[in-house]
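# Structural description and commentary
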Amino acid sequence: MSARVQTAPFDLATELAGFGAGAGAVVTFTGLVRDDTGSLAALEIEHYPGMTERALTDYGQAAAARFGLCDWRIVHRHGRIATGQPIMMVATAARHRRAAFEAADYLMDWLKSRAPFWKREIGQDGAARWVAAKTDDEDSLARW
Amino acid sequence: MSARVQTAPFDLATELAGFGAGAGAVVTFTGLVRDDTGSLAALEIEHYPGMTERALTDYGQAAAARFGLCDWRIVHRHGRIATGQPIMMVATAARHRRAAFEAADYLMDWLKSRAPFWKREIGQDGAARWVAAKTDDEDSLARW
Amino acid sequence: MTIEILYFAALRERVGHPRETVTSDARTPRDLVAELAARSDGHAAAFADMAALRCAVDQQLTDLDAPLGQPREVAFFPPMTGG
Amino acid sequence: MTIEILYFAALRERVGHPRETVTSDARTPRDLVAELAARSDGHAAAFADMAALRCAVDQQLTDLDAPLGQPREVAFFPPMTGG
């Protein structure tokens, strides 16, 4: 039951050691830097120190209450992250699979649209461009 | 893009090494032996050798086609599995999170109701009892 | 025709063995069940609840009323509980 | 009252610095935006698209028209793109 913000990479296996004891279902989501154009060098992620940790903890606790989770974890990186590397992860543990799936899906929708992170794409030529928010991320959040 | 049936434990980190290269989203589901009553020693899982591998591969390929997956993996154990230990895992990799979530959810519904596995609960007193199929597993499958 | 019959889980326990070879001209799995159920009290018990009976013909899940064709193996078992 | 103003991402770049301390009697974040936008061309550019403006009052996401109260810090930024 914890949220962390860090620049360092994380290791899914380390995060899951001892995670969700007594649960019947564990779901993880990992977001990676994807290069759709073949010209991306990295993402640079800015965040709002102080508010970020608070928001992630609030969303984790809300998911735990709503879906009856045995355990949850959120790790989100900031700073420069190279193509192909993990950006963030969410893990949820519940007695049954439906709750674990829905809680992870719910947390991702909150993180995408309500956690204070901003992504900037850094091209292989060094050019930087802020990533625009997607309308369908808002639509996805409205499901809950 | 592979399915495996085995008695040995599996390690999520090992399964995910090199998994989903180029993807933006990786979802994993792990099912664990849950003890709701405090009297369970283990599950014993029987399967249909030959058909099992074929069915898991068919369902994996169907999910890959339907959700446009970059990668998928299914590992399912059989034999005796102690309380708290992992039974099976599904991993899906896609460009976007929605496809990765839905494909993992879809695969779990197929595995629960259509893969030839049968669970037997072994109590701490040694008594064995076949687990009954759940109606809501059929309902869940009917969503797709 | 000669068919290899396989039983799994509770059906295997009730029949008392995991497989047997039979000769049959059954046209559907359901016809085949009627023949198999007459073989012993154990077989009859295994097939008592047809609503909870599942069937695979040559390792493909098949409806009890589908044409049987010329299968090599037919398996009977209870509803699956994987995952 | 004295308020610490924070800017993030493209807004920070347009304003030219990440934070500043202002004195204001604004009653809502929207009132505060009107005061801040008058400070410089960079500020005006930062607040040009109000539909794409998000706001947190004391680190809680807040509607632009909610009562401001007596906040310690107010942050302005574009729609978030985490996850």
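Residues numbered from 1 in each chain as written. Chains lettered and ligands numbered in written order. Predicted model: local features only at pLDDT ≥ 70, side-chain atom pairs only at ≥ 80, totals over all residues. Heavy atoms only, no water.

This is how the line gets drawn: UniProt positions are given in the numbering used here, feature names are shortened, and annotations may be inferred rather than shown by experiment.
Chain A is annotated in an unreviewed UniProt entry as Molybdopterin synthase catalytic subunit from Paracoccus gahaiensis. Here chain A is described in UniProt, under the heading Function (unreviewed entry), as follows: "Converts molybdopterin precursor Z into molybdopterin. This requires the incorporation of two sulfur atoms into precursor Z to generate a dithiolene group. The sulfur is provided by MoaD." In the Catalytic activity (unreviewed entry) part of its UniProt record, chain A is described as follows: "2 [molybdopterin-synthase sulfur-carrier protein]-C-terminal-Gly-aminoethanethioate + cyclic pyranopterin phosphate + H2O = molybdopterin + 2 [molybdopterin-synthase sulfur-carrier protein]-C-terminal Gly-Gly + 2 H(+)".

## Observations concerning the relation of the copies chain A and chain B
For clarity, the threshold we go by: Only residues with pLDDT of at least 70 in both copies count here: their C-alpha atoms drive the least-squares fit that superposes the copies.
After a rotation of 180° and a shift along the axis of 0.0 Å, chain A superposes on chain B with an RMSD of 0.0 Å. On the angle and the small slide along the axis, the relation comes out as a two-fold axis.

## Regarding the arrangement of the chains
Here is the rule we go by: Note on contacts: a residue pair is in contact if any heavy atoms of the two residues lie within 4.5 Å.
In this assembly three pairs of chains touch, with chains A and B having more contacts than any other pair. Contact between chain B and chain D is absent, and the least distance between their C-alpha atoms amounts to 10 Å. The least C-alpha distance between chain C and chain D, which are not in contact, is 28 Å.

## Structural notes on the pairing of strand β2 (residues 19-23) of chain D
A regular strand places its side chains on the two faces of the sheet in alternate fashion. Residues and elements named next belong to chain D. Spelled out, the test is: Type-normalised accessible area, obtained with a 1.4 Å probe on protein chains alone, sets the label of each residue: buried when under 20%, exposed when over 50%, and partly exposed for intermediate values. What counts as a helix is a DSSP run of H or I of at least four residues, what counts as a strand is a run of E of at least two, and both are numbered from the N terminus. One requirement defines pairing of two strands: DSSP has to find at least two bridges between them.
Side chains of β2 alternate between two faces, with Glu 20 and Val 22 buried and Arg 19, Thr 21 and Thr 23 left unburied. One ladder, built from five bridges, connects strand β1 (residues 2-7) with β2; its direction is antiparallel. Considered in β2, the bridge of Ile 5 is made with Glu 20.

## Things to note about the pattern of salt bridges
Put simply, the rule is: A pair is scored as a salt bridge if a Lys or Arg side-chain nitrogen falls within 4 Å of a carboxyl oxygen belonging to Asp or Glu.
If you walk through the whole model with that rule in mind, you get 40 salt bridges over all chains. Residue A:Glu46 pairs with D:Arg12 through a salt bridge whose shortest N-O separation is 2.5 Å. In this pair, A:Glu46 sits in strand β3 (residues 40-47) while D:Arg12 sits in helix α1 (residues 9-15), so the two residues belong to two different chains. With relative accessibility at 14%, the residue A:Glu46 sits in the buried group. Relative accessible area serves as the criterion here: at 22%, D:Arg12 is assigned to the partly exposed category. A salt bridge links A:Arg95 to B:Asp36, with the nearest nitrogen and oxygen atoms 3.0 Å apart. Taken together, the residues A:Arg95 in the loop between β6 (86-94) and α3 (97-114) and B:Asp36 in the loop between β2 (25-32) and β3 (40-47) connect one chain to another. Accessibility expressed as a relative area gives 45% for B:Asp36, which makes it partly exposed.

## Some thoughts on the packing of helix α2 (residues 51-67) of chain A against α3(A)
Residues and elements named next belong to chain A. Quick reminder of the rule: Only the stretch in contact is used when fitting a helix axis, every axis being a line fitted to C-alpha atoms; angles between N-to-C directions are given from 0 to 180 degrees. Oblique is the label for every angle not falling under 35 degrees (roughly parallel), over 145 degrees (roughly antiparallel), or within 65 to 115 degrees (roughly perpendicular). The hand of a helix crossing depends on one turn: near helix anticlockwise from the far one by less than a right angle means left-handed, and clockwise means right-handed. Any residue that is not Ala, Val, Leu, Ile, Met, Phe, Trp, Tyr, Cys, Pro, Asp, Glu, Lys or Arg is counted as polar, Gly included; the first ten are nonpolar and the last four charged.
For the pair α2 and α3, interaxial distance at closest approach is 10 Å and the crossing angle is 150°. Regarding the angle of α2 to α3, the classification is roughly antiparallel. Handedness of the crossing formed by α2 with α3: right-handed. Every residue of α3 that contacts α2 at Leu 56, Tyr 59, Gly 60, Ala 62, Ala 63, Arg 66 and Phe 67 is listed here: Ala 99, Glu 102, Ala 103, Tyr 106, Leu 107, Trp 110, Leu 111 and Arg 114. Here the residues of the contact of α2 with α3 are counted per class, giving eleven nonpolar, one polar and three charged.

## Side note on unusual backbone geometry
Peptide bonds are, in most cases, trans, and in most cases residues other than glycine have a negative phi. The residue C:Asp58 is not glycine, and still its phi comes out positive at about 45°. Among the secondary structure elements, C:Asp58 is positioned in the loop between β3 (54-57) and β4 (60-61).

## Side note on the interface of chain B and chain C
Accessible area lost upon the coming together of the parts serves often as the stated size of an interface. The following threshold applies: Accessible-area loss on putting two parts together, using a 1.4 Å probe and summing over both, is the definition of buried area adopted here. Each polar contact in these results corresponds to two N or O atoms within 3.5 Å; when the atoms are within protein, one needs to be able to donate a hydrogen and the other to accept it, and residues that are neighboring in sequence are counted only if both atoms are side-chain atoms.
In this assembly, 27 residues from chain B lie in contact with 21 residues from chain C. Between chain B and chain C, the buried area comes to about 1900 Å², and carbon and sulfur atoms account for 54% of it. Contact with chain C buries area across many residues of chain B, yet B:Tyr48, B:Met51 and B:Trp118 alone supply 33% of it, more than any other trio. Summed over the shared surface of chain B and chain C, the result is two salt bridges. Taking the shortest distance from any N to any O, the salt bridge between C:Glu13 and B:Arg120 comes out at 2.5 Å. Between the two partners, chain B and chain C, sit 14 residue pairs in polar contact (both at pLDDT 80 or more). Listing elements by their share of the side of chain B that touches chain C, those giving two or more residues are β3, α2 (51-67), β6 (86-94), α3 (97-114) and β7 (117-123) of chain B.

## Focus on the interface of chain A and chain B
Listed as interface residues are 29 residues of chain A and, on the opposing side, 29 residues of chain B. Buried area between chain A and chain B, both sides added, is near 2400 Å², and the carbon and sulfur share of it is 51%. Per-residue buried area on chain A facing chain B is highest for A:Arg34, A:Arg97 and A:Phe101; these three make up 28% of the total on that side. Inspection of the region where chain A meets chain B yields 17 residue pairs in polar contact (both at pLDDT 80 or more). Secondary-structure elements contributing two or more residues to the side of chain A that touches chain B are α1 (12-16), β2 (25-32), α3 and α4 (135-141) of chain A. With seven bridges connecting them, β2(A) and β2(B) associate as antiparallel partners.

## A look at the layout of surface pockets
Keep this limit in mind: Put simply, the grid is 1 Å and covers the protein atoms alone, a cavity is a trapped set of points that fit a 1.4 Å probe, a pocket is an open set with protein on both sides within 12 Å along at least five of seven lines, and lining residues have an atom within 4 Å of a point. Grid points are joined across faces, edges and corners, and a volume is the space filled by probe spheres set on the points.
Within this model, the largest pocket holds a volume of roughly 950 Å³. Lining the largest pocket are 43 residues, with B:Arg34, B:Lys112, B:Lys119, B:Val131 and B:Lys134 sitting closest to its centre. Mapped onto the lining of the largest pocket, the elements with two or more residues apiece are α3 of chain A together with β2, β3, α3, β7, β8 (128-130) and α4 (135-141) of chain B. Here the lining of the largest pocket takes five residues from α4(B), the largest share from any one element.

## Things to note about the pairing of strand β5 (residues 73-77) of chain D
All names here are of chain D. Taking burial as the measure, the five residues of β5 include five buried ones, the bulk of the element. Across the two faces of β5 the burial is the same, with Glu 73, Ala 75 and Phe 77 and Val 74 and Phe 76 all buried. Here β1 pairs with β5 via four bridges, running parallel. Residue Leu 6 lies in a different strand from β5, and its bridge partner there is Ala 75. In this sheet, β5 lies alongside strand β3 (residues 54-57) in antiparallel orientation, the contact comprising four bridges.

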